[in-house]
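These are the residues of each chain, in order.
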Amino acid sequence: MKWNLLPSYATIVVGAIILANLASAWVITLTMGKNKGEFYDQGPPWMVALSILTLLLCWYDLFLPIEVSFWGATAFAGFGLWGAWADYTHLLDHYRDQKREKSRKPT
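In this report, we go over the structure that sits alongside the text.

For the rest of this paragraph, the subject is the packing of aromatic side chains. How two aromatic rings sit relative to each other is set out by the distance from centre to centre and by the angle between their planes. In total, this model carries three aromatic pairs according to the counting rule given. An angle of 75° between the planes, with centres 4.8 Å apart, marks the rings of phenylalanine 70 and tryptophan 71 as edge-to-face. By relative accessible area, tryptophan 71 is classed as partly exposed at 39%. Three or more aromatic residues joined by ring pairs form one cluster here, namely Tyr9, Phe70 and Trp71.

Glancing now at the environment of asparagine 21. Within the secondary structure, asparagine 21 is located in helix α1 (residues 10-31). Asparagine 21 gets classed as buried once you look at its relative accessible area, which sits at 7%. With sequence-adjacent residues up to four places away left out, asparagine 21 is seen in contact with Val48, Ser51, Ile52 and Ala77.

Moving on, we come to a nonpolar patch on the surface. Taken together, the side chains of Ile52, Leu56, Trp59, Tyr60, Leu62, Phe63, Leu64 and Val68 present a nonpolar region at the surface, about 860 Å² in accessible area. The biggest single contributor to the nonpolar patch is helix α2 (residues 43-60), with four residues. Relative to the elements of secondary structure, leucine 62 occurs in the loop between α2 and α3 (66-104). Residue classification places leucine 62 among the partly exposed positions, given a relative accessible area of 39%.

This part takes up the side chain of serine 69. Relative to the elements of secondary structure, serine 69 occurs in helix α3. Apart from the residues lying within four places of it in its own chain, the contact partners of serine 69 are Thr54, Leu57, Cys58 and Leu64.

About the cut-offs
- Starting afresh in each chain, residues are numbered from 1 along the sequence in its written order.
- Reporting in this predicted model follows two pLDDT cut-offs: at least 70 for local features of residues, and 80 or more for side-chain atom pairs to be given and counted; totals over whole chains, interfaces and linings ignore these cut-offs and use all residues.
- Side-chain descriptors were evaluated using all non-hydrogen atoms of the structure, hydrogens and water having been removed beforehand.
- Aromatic contacts are taken between Phe, Tyr and Trp rings whose centres are within 6.5 Å, Trp giving its six-membered ring; a plane angle under 30 degrees counts as stacked, one over 60 as edge-to-face, and the others as tilted.
- Remark: exposure states derive from per-residue accessible area (1.4 Å probe, protein chains only) relative to the maximum for the residue type, with buried under 20%, exposed over 50%, and partly exposed in between.
- Helix and strand labels come from DSSP, where a helix needs a run of H or I of at least four residues and a strand needs a run of E of at least two; each type is numbered from the N terminus.
- The contact criterion used is simple: two residues touch if any of their non-hydrogen atoms lie within 4.5 Å.
- In this scheme, patches are assembled from residues that exceed 30% relative accessible area and form no salt bridge. Like charges are connected within 9 Å, while nonpolar side chains (Val, Leu, Ile, Met, Phe, Trp, Tyr) are connected within 5 Å.
- All accessible areas in this document rest on Shrake-Rupley with a 1.4 Å probe, and a residue is counted as covered only by the protein chains that are shown.
- We define a salt bridge as a side-chain nitrogen of Lys or Arg found within 4 Å of a carboxyl oxygen belonging to Asp or Glu.

Don't take any of this as a statement about function, it's just geometry.
Below you can see the structure in the form of structure tokens.
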């Protein structure tokens, strides 16, 4: 990797990308098989995969300019974490609504 082409804080951002991808993978496994009955929701796993791919392209300086792949990996990791968290909160809201409906029904 040509670190001189990236900003001075690039190592911190790469660490944050890796942590965001790990957190996204953890949240995706929590919601696996529960979102709309699918094995996984399409958005977040693909964003994590694209983030890892572009981070590897950045690391080995392949195909894309290093700045493009670096910031692409950052954006994909952010979108993956955001999408996984949105799926998780929607799932929690769904379970809360089901719990409220059960408590309202007369026994």
